Amino acid sequence: VKHLLSIDDLGIKDIYKIFEYAFQFEEVLKRPIPIVPTFKGKTIVTLFYEPSTRTQTSFTLAAKRLSCDVINFSFATSSILKGESLLDTIKTISAMKVDGIIVRHFSSGVPHFLAKKLVKKNIFVINAGDGTNEHPTQALLDGYTVYKKFKKIKDLKILIVGDIKHSRVAHSDILLFKKLGAKVFISCPHQFLPIDFENMGVCYLKEFKKELPNFDCVITLRVQKERHNLNYLSSMREYHYLYGISKKDLEKMKKEALLMHPGPVNWGWELADDVIDEERCVILEQVFNGVAVRMAIIFLLLQEKV
Ligand code: CP
(Lines give C-alpha, C1' and ligand atoms only; values in the text may rest on other atoms or scores of the structure.)
Protein backbone atom coordinates (compact mmCIF):
# COMPACT_ATOMS: atom_id res chain seq x y z
CA VAL A 1 0.00 0.00 0.00
CA LYS A 2 1.64 3.28 -1.16
CA HIS A 3 -1.35 5.52 -0.38
CA LEU A 4 -4.41 5.29 1.84
CA LEU A 5 -7.35 6.32 -0.31
CA SER A 6 -10.04 3.82 0.64
CA ILE A 7 -10.67 1.03 3.13
CA ASP A 8 -10.78 -1.15 0.00
CA ASP A 9 -7.00 -0.55 -0.35
CA LEU A 10 -6.44 -2.56 2.83
CA GLY A 11 -6.53 -6.29 3.50
CA ILE A 12 -7.57 -7.71 6.87
CA LYS A 13 -3.88 -8.18 7.79
CA ASP A 14 -3.11 -4.53 6.93
CA ILE A 15 -5.92 -3.32 9.21
CA TYR A 16 -4.76 -5.44 12.16
CA LYS A 17 -1.15 -4.30 11.51
CA ILE A 18 -2.34 -0.67 11.82
CA PHE A 19 -4.13 -1.58 15.09
CA GLU A 20 -0.99 -3.31 16.41
CA TYR A 21 1.21 -0.27 15.66
CA ALA A 22 -1.45 2.11 17.04
CA PHE A 23 -1.39 0.16 20.29
CA GLN A 24 2.38 0.69 20.53
CA PHE A 25 2.11 4.39 19.65
CA GLU A 26 -0.48 4.81 22.41
CA GLU A 27 2.33 3.94 24.82
CA VAL A 28 4.43 6.73 23.27
CA LEU A 29 1.52 9.18 23.65
CA LYS A 30 1.28 8.36 27.37
CA ARG A 31 4.98 9.20 28.01
CA PRO A 32 5.89 12.56 29.64
CA ILE A 33 7.60 13.52 26.36
CA PRO A 34 5.36 11.84 23.77
CA ILE A 35 7.65 11.91 20.76
CA VAL A 36 9.91 9.52 18.83
CA PRO A 37 12.75 10.70 16.57
CA THR A 38 11.93 8.22 13.79
CA PHE A 39 11.19 10.56 10.91
CA LYS A 40 13.25 13.68 11.63
CA GLY A 41 13.59 15.62 8.37
CA LYS A 42 10.50 14.13 6.70
CA THR A 43 7.81 16.62 5.67
CA ILE A 44 4.06 16.13 5.64
CA VAL A 45 1.53 18.59 4.20
CA THR A 46 -2.10 18.67 5.31
CA LEU A 47 -4.10 20.06 2.36
CA PHE A 48 -7.63 20.79 3.58
CA TYR A 49 -10.24 22.29 1.24
CA GLU A 50 -12.98 21.82 3.86
CA PRO A 51 -13.08 22.80 7.54
CA SER A 52 -11.85 20.32 10.15
CA THR A 53 -11.16 20.31 13.86
CA ARG A 54 -10.39 16.66 14.66
CA THR A 55 -8.82 15.22 11.53
CA GLN A 56 -6.38 18.03 10.73
CA THR A 57 -5.27 18.49 14.35
CA SER A 58 -4.97 14.75 14.85
CA PHE A 59 -2.84 14.26 11.70
CA THR A 60 -0.70 17.26 12.61
CA LEU A 61 -0.07 15.90 16.11
CA ALA A 62 0.51 12.38 14.83
CA ALA A 63 3.13 13.55 12.32
CA LYS A 64 4.82 15.81 14.91
CA ARG A 65 4.94 12.94 17.44
CA LEU A 66 6.95 11.04 14.79
CA SER A 67 9.26 14.11 14.48
CA CYS A 68 8.07 15.02 10.97
CA ASP A 69 7.89 18.64 9.89
CA VAL A 70 4.25 19.54 9.20
CA ILE A 71 2.88 22.24 6.91
CA ASN A 72 -0.83 22.95 7.38
CA PHE A 73 -2.22 24.30 4.12
CA SER A 74 -5.57 26.01 4.22
CA PHE A 75 -7.43 27.05 1.08
CA ALA A 76 -8.62 30.21 2.85
CA THR A 77 -5.06 31.63 2.99
CA SER A 78 -3.66 30.16 -0.23
CA SER A 79 -3.46 31.13 -3.88
CA ILE A 80 -6.52 28.98 -4.53
CA LEU A 81 -8.41 32.19 -3.82
CA LYS A 82 -6.55 33.78 -6.75
CA GLY A 83 -7.76 31.03 -9.08
CA GLU A 84 -4.93 28.47 -8.74
CA SER A 85 -6.10 25.05 -9.92
CA LEU A 86 -5.91 21.88 -7.82
CA LEU A 87 -3.33 20.48 -10.25
CA ASP A 88 -1.17 23.61 -10.00
CA THR A 89 -1.37 23.52 -6.21
CA ILE A 90 -0.29 19.89 -6.12
CA LYS A 91 2.54 20.39 -8.65
CA THR A 92 3.80 23.34 -6.59
CA ILE A 93 3.72 21.45 -3.30
CA SER A 94 5.36 18.35 -4.79
CA ALA A 95 8.14 20.48 -6.30
CA MET A 96 9.11 21.38 -2.73
CA LYS A 97 10.03 17.69 -2.15
CA VAL A 98 7.58 16.79 0.56
CA ASP A 99 7.08 13.16 1.63
CA GLY A 100 3.32 12.92 2.17
CA ILE A 101 0.12 14.82 1.45
CA ILE A 102 -2.99 14.41 3.58
CA VAL A 103 -5.95 15.76 1.64
CA ARG A 104 -9.54 16.64 2.47
CA HIS A 105 -11.72 17.86 -0.39
CA PHE A 106 -15.40 18.55 -0.96
CA SER A 107 -15.32 16.52 -4.22
CA SER A 108 -15.32 12.73 -4.15
CA GLY A 109 -12.28 11.20 -5.87
CA VAL A 110 -9.78 14.07 -5.38
CA PRO A 111 -7.32 11.95 -3.30
CA HIS A 112 -7.34 9.29 -6.06
CA PHE A 113 -6.65 12.01 -8.67
CA LEU A 114 -3.70 13.33 -6.63
CA ALA A 115 -2.28 9.84 -6.14
CA LYS A 116 -2.31 9.34 -9.93
CA LYS A 117 -0.62 12.68 -10.55
CA LEU A 118 2.06 11.93 -7.94
CA VAL A 119 2.78 8.42 -9.18
CA LYS A 120 6.46 9.11 -10.04
CA LYS A 121 7.10 11.49 -7.16
CA ASN A 122 7.44 9.07 -4.22
CA ILE A 123 4.92 11.10 -2.20
CA PHE A 124 2.13 9.27 -0.37
CA VAL A 125 -1.46 10.50 -0.31
CA ILE A 126 -3.88 9.93 2.58
CA ASN A 127 -7.58 10.55 2.10
CA ALA A 128 -8.79 12.68 5.04
CA GLY A 129 -12.35 12.78 3.68
CA ASP A 130 -13.48 13.23 0.05
CA GLY A 131 -16.99 14.54 -0.54
CA THR A 132 -19.58 11.95 0.36
CA ASN A 133 -17.28 9.10 -0.65
CA GLU A 134 -14.93 7.94 2.15
CA HIS A 135 -13.07 8.88 5.33
CA PRO A 136 -10.84 5.81 5.80
CA THR A 137 -8.80 7.01 8.79
CA GLN A 138 -12.02 7.77 10.73
CA ALA A 139 -13.13 4.18 10.05
CA LEU A 140 -9.75 2.85 11.19
CA LEU A 141 -9.94 4.76 14.47
CA ASP A 142 -13.56 3.66 14.92
CA GLY A 143 -12.53 0.05 14.29
CA TYR A 144 -9.57 0.39 16.66
CA THR A 145 -11.83 1.79 19.41
CA VAL A 146 -14.17 -1.19 19.05
CA TYR A 147 -11.28 -3.68 18.84
CA LYS A 148 -9.66 -2.32 22.01
CA LYS A 149 -12.93 -2.79 23.89
CA PHE A 150 -13.95 -6.27 22.66
CA LYS A 151 -10.53 -7.70 21.60
CA LYS A 152 -12.27 -8.80 18.38
CA ILE A 153 -14.58 -7.45 15.69
CA LYS A 154 -15.77 -10.67 14.01
CA ASP A 155 -19.46 -11.39 14.74
CA LEU A 156 -20.04 -8.17 16.70
CA LYS A 157 -23.32 -6.40 15.92
CA ILE A 158 -22.67 -2.82 14.80
CA LEU A 159 -25.51 -0.36 14.19
CA ILE A 160 -24.83 2.78 12.12
CA VAL A 161 -27.60 5.39 12.46
CA GLY A 162 -28.30 8.62 10.63
CA ASP A 163 -27.35 10.37 7.41
CA ILE A 164 -25.92 7.26 5.73
CA LYS A 165 -26.37 8.59 2.19
CA HIS A 166 -24.21 11.71 2.60
CA SER A 167 -21.77 10.36 5.19
CA ARG A 168 -18.25 9.41 4.06
CA VAL A 169 -17.70 8.04 7.58
CA ALA A 170 -20.62 5.62 7.13
CA HIS A 171 -19.27 4.41 3.79
CA SER A 172 -15.79 3.69 5.20
CA ASP A 173 -17.15 2.23 8.46
CA ILE A 174 -19.40 -0.19 6.56
CA LEU A 175 -16.46 -1.37 4.41
CA LEU A 176 -14.20 -1.80 7.45
CA PHE A 177 -16.58 -3.55 9.83
CA LYS A 178 -17.83 -5.91 7.12
CA LYS A 179 -14.25 -6.71 6.07
CA LEU A 180 -13.46 -7.65 9.68
CA GLY A 181 -16.50 -9.93 9.93
CA ALA A 182 -18.95 -7.81 11.97
CA LYS A 183 -22.69 -7.87 11.27
CA VAL A 184 -23.55 -4.34 10.14
CA PHE A 185 -27.03 -2.81 10.50
CA ILE A 186 -28.07 0.64 9.29
CA SER A 187 -31.04 2.78 10.23
CA CYS A 188 -32.09 6.16 8.85
CA PRO A 189 -35.03 8.09 7.44
CA HIS A 190 -35.87 7.01 3.89
CA GLN A 191 -34.33 10.18 2.41
CA PHE A 192 -30.94 9.29 3.97
CA LEU A 193 -30.94 5.74 2.60
CA PRO A 194 -28.42 5.22 -0.26
CA ILE A 195 -30.09 4.08 -3.50
CA ASP A 196 -27.75 1.08 -3.70
CA PHE A 197 -28.04 0.03 -0.03
CA GLU A 198 -29.12 -3.48 -1.04
CA ASN A 199 -25.66 -4.04 -2.57
CA MET A 200 -23.84 -2.85 0.57
CA GLY A 201 -24.18 -6.13 2.48
CA VAL A 202 -25.89 -4.46 5.44
CA CYS A 203 -29.24 -5.03 7.11
CA TYR A 204 -31.61 -2.03 6.98
CA LEU A 205 -33.80 -1.39 10.03
CA LYS A 206 -36.66 1.05 9.53
CA GLU A 207 -36.83 1.40 13.32
CA PHE A 208 -34.06 0.40 15.70
CA LYS A 209 -35.03 1.52 19.21
CA LYS A 210 -36.54 -1.83 20.24
CA GLU A 211 -33.40 -3.60 18.99
CA LEU A 212 -31.00 -1.48 21.06
CA PRO A 213 -30.23 -4.24 23.64
CA ASN A 214 -28.83 -6.41 20.81
CA PHE A 215 -25.99 -4.21 19.57
CA ASP A 216 -22.37 -4.16 20.72
CA CYS A 217 -21.79 -0.75 19.23
CA VAL A 218 -24.01 2.09 18.02
CA ILE A 219 -22.35 4.62 15.71
CA THR A 220 -24.40 7.78 15.30
CA LEU A 221 -23.62 10.05 12.34
CA ARG A 222 -23.70 13.80 11.93
CA VAL A 223 -26.58 15.10 9.80
CA GLN A 224 -24.53 16.54 6.90
CA LYS A 225 -26.43 19.81 6.76
CA GLU A 226 -23.95 21.36 4.32
CA ARG A 227 -24.48 18.55 1.77
CA HIS A 228 -28.24 18.77 1.39
CA ASN A 229 -31.25 20.97 1.71
CA LEU A 230 -32.50 20.90 5.29
CA ASN A 231 -36.03 20.53 3.94
CA TYR A 232 -35.01 16.87 3.92
CA LEU A 233 -36.12 16.78 7.56
CA SER A 234 -39.57 17.83 8.69
CA SER A 235 -38.42 18.58 12.24
CA MET A 236 -35.30 18.30 14.36
CA ARG A 237 -37.34 17.03 17.32
CA GLU A 238 -38.89 14.30 15.22
CA TYR A 239 -35.45 13.30 13.92
CA HIS A 240 -34.07 13.10 17.46
CA TYR A 241 -37.08 11.09 18.65
CA LEU A 242 -36.79 8.51 15.86
CA TYR A 243 -33.05 8.42 15.08
CA GLY A 244 -31.27 10.18 17.94
CA ILE A 245 -29.97 8.63 21.15
CA SER A 246 -31.26 9.93 24.47
CA LYS A 247 -30.12 8.87 27.94
CA LYS A 248 -33.16 6.58 28.08
CA ASP A 249 -32.09 4.91 24.82
CA LEU A 250 -28.55 4.52 26.15
CA GLU A 251 -29.92 2.74 29.21
CA LYS A 252 -31.50 0.12 26.91
CA MET A 253 -28.08 -0.76 25.45
CA LYS A 254 -25.88 -3.56 26.82
CA LYS A 255 -23.69 -2.52 29.76
CA GLU A 256 -20.52 -3.11 27.78
CA ALA A 257 -21.84 -1.61 24.50
CA LEU A 258 -20.23 1.47 22.96
CA LEU A 259 -21.95 4.65 21.77
CA MET A 260 -19.85 6.46 19.18
CA HIS A 261 -19.96 9.54 16.95
CA PRO A 262 -17.23 10.79 14.58
CA GLY A 263 -17.95 14.43 15.45
CA PRO A 264 -18.72 17.23 15.19
CA VAL A 265 -22.03 16.42 16.93
CA ASN A 266 -25.27 18.35 16.29
CA TRP A 267 -26.30 18.17 19.95
CA GLY A 268 -30.01 17.60 20.38
CA TRP A 269 -30.20 15.94 16.95
CA GLU A 270 -28.02 12.82 16.82
CA LEU A 271 -27.37 12.77 20.57
CA ALA A 272 -29.04 14.28 23.63
CA ASP A 273 -26.81 16.71 25.55
CA ASP A 274 -26.64 14.50 28.64
CA VAL A 275 -25.17 11.34 27.04
CA ILE A 276 -21.68 12.89 26.74
CA ASP A 277 -20.81 12.15 30.39
CA GLU A 278 -21.92 8.50 30.20
CA GLU A 279 -19.17 5.88 30.36
CA ARG A 280 -20.48 4.06 27.29
CA CYS A 281 -20.26 7.25 25.20
CA VAL A 282 -16.66 7.08 23.90
CA ILE A 283 -16.46 10.10 21.57
CA LEU A 284 -13.37 11.53 23.27
CA GLU A 285 -11.71 8.11 23.37
CA GLN A 286 -12.23 7.97 19.60
CA VAL A 287 -10.43 11.33 19.35
CA PHE A 288 -7.50 10.09 21.50
CA ASN A 289 -7.27 6.82 19.55
CA GLY A 290 -7.25 8.83 16.32
CA VAL A 291 -3.79 10.24 17.04
CA ALA A 292 -2.28 6.78 17.67
CA VAL A 293 -3.99 5.29 14.60
CA ARG A 294 -2.78 8.16 12.39
CA MET A 295 0.77 7.79 13.78
CA ALA A 296 0.59 4.13 12.77
CA ILE A 297 -0.63 4.99 9.26
CA ILE A 298 2.02 7.70 8.66
CA PHE A 299 4.71 5.41 10.13
CA LEU A 300 3.79 2.50 7.85
CA LEU A 301 3.52 4.68 4.72
CA LEU A 302 6.86 6.42 5.39
CA GLN A 303 8.54 3.11 6.25
CA GLU A 304 7.41 1.83 2.87
CA LYS A 305 9.37 4.71 1.32
CA VAL A 306 12.65 4.59 3.24
N1 CP B 1 -14.61 13.35 12.27
C2 CP B 1 -14.18 14.39 11.52
O3 CP B 1 -13.80 14.23 10.36
O4 CP B 1 -14.18 15.60 12.17
P5 CP B 1 -13.57 16.96 11.57
O6 CP B 1 -14.48 17.39 10.43
O7 CP B 1 -13.58 17.94 12.72
O8 CP B 1 -12.20 16.66 11.06
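Residues numbered from 1 in each chain as written. Predicted model: local features only at pLDDT ≥ 70, side-chain atom pairs only at ≥ 80, totals over all residues. Heavy atoms only, no water.

Peer 1: Account for helix 3 (residues 86-95), naming residues and giving values.
Peer 2: Residues of helix 3 that are buried include every one of L86, T89, I90, I93 and S94, and no others. One side of helix 3 holds all its buried residues, which, seen down the axis, span an arc of 125°. Opposite the packed face of helix 3, turned more than 90 degrees from it, sit the exposed residues K91 and A95. On its buried face, helix 3 is in contact with strand 1 (43-48), strand 2 (69-74), strand 3 (100-105) and helix 4 (110-117). Among the residues trailing helix 3, K97 stands out with phi positive, at a value near 60°. (Buried < 20%, exposed > 50% of the residue type's maximum accessible area, 1.4 Å probe, protein only. Helix = DSSP H or I, 4+ residues; strand = E, 2+ residues; numbered from the N terminus. Arc of directions from axis to C-beta. Contact = heavy atoms within 4.5 Å.)

Peer 1: Now, about the site of the ligand: what can you tell me, with residues and values included?
Peer 2: Lining the immediate environment of the ligand, one finds S52, T53, R54, T55, R104, H135, Q138, P262 and G263. A distance of 2.9 Å separates an oxygen atom of the ligand from a polar side-chain atom of R104. A distance of 3.1 Å separates a nitrogen atom of the ligand from a polar side-chain atom of Q138. For the ligand, whose free accessible area comes to 260 Å², the fraction covered by protein is 92%. (Near = heavy atom within 4 Å. Polar contact = N/O pair within 3.5 Å; in protein donor to acceptor, adjacent residues only side chain to side chain. Areas by Shrake-Rupley, 256 points an atom, 1.4 Å probe, with all protein chains shown as cover.)

Peer 1: I'd like a description of the side chain of Q224, backed by residues and values.
Peer 2: As for its position among the elements, Q224 is in the loop between strand 8 (217-220) and helix 7 (236-243). By relative accessible area, Q224 is classed as buried at 8%.

Peer 1: How would you explain helix 2 (residues 54-65) if you had to name every residue and give the values?
Peer 2: Between its terminal C-alpha atoms helix 2 stretches 16 Å, which fits the 16 Å expected from 12 residues at 1.5 Å a residue. Here helix 2 has its buried residues at T55, Q56, S58, F59, T60, A62 and A63. (Expected span 1.5 Å × (residues − 1).)

Peer 1: Account for the sheet that holds strand 8, naming residues and giving values.
Peer 2: Pairing is parallel in the open sheet, where five strands are placed in the order 7-6-5-8-9. Looking at strand neighbours, the two that pair on one side only are strand 7 (203-204) and strand 9 (258-260), the edges of this open sheet. With two bridges joining them, strand 6 (residues 183-187) and strand 7 adopt parallel strand pairing. Of the residues in strand 7, the one forming a bridge with I186 is Y204. (Pairing = 2+ DSSP bridges.)

Peer 1: Would you mind going over the pattern of salt bridges in detail, with residue names and values included?
Peer 2: A full pass over the atoms with the stated rule returns 11 salt bridges. With a shortest N-O distance of 3.2 Å, R227 and E50 are connected by a salt bridge. With R227 in the loop between strand 8 and helix 7 and E50 in the loop between strand 1 and helix 2, this pair connects stretches of sequence that are 177 residues apart. Neither residue differs from the other here; R227 and E50 are each classed as buried. Here D249 makes a salt bridge to K209, at a shortest N to O gap of 2.8 Å. Of this pair, D249 sits in helix 8 (residues 247-252) while K209 sits in the loop between strand 7 and strand 8, placing them 40 residues apart in sequence. Sharing partners across several salt bridges, the network here consists of E26, K30 and K148. (Salt bridge = Lys/Arg side-chain N within 4 Å of Asp/Glu carboxyl O.)

In short, shape yes, function no, at least from these values alone.
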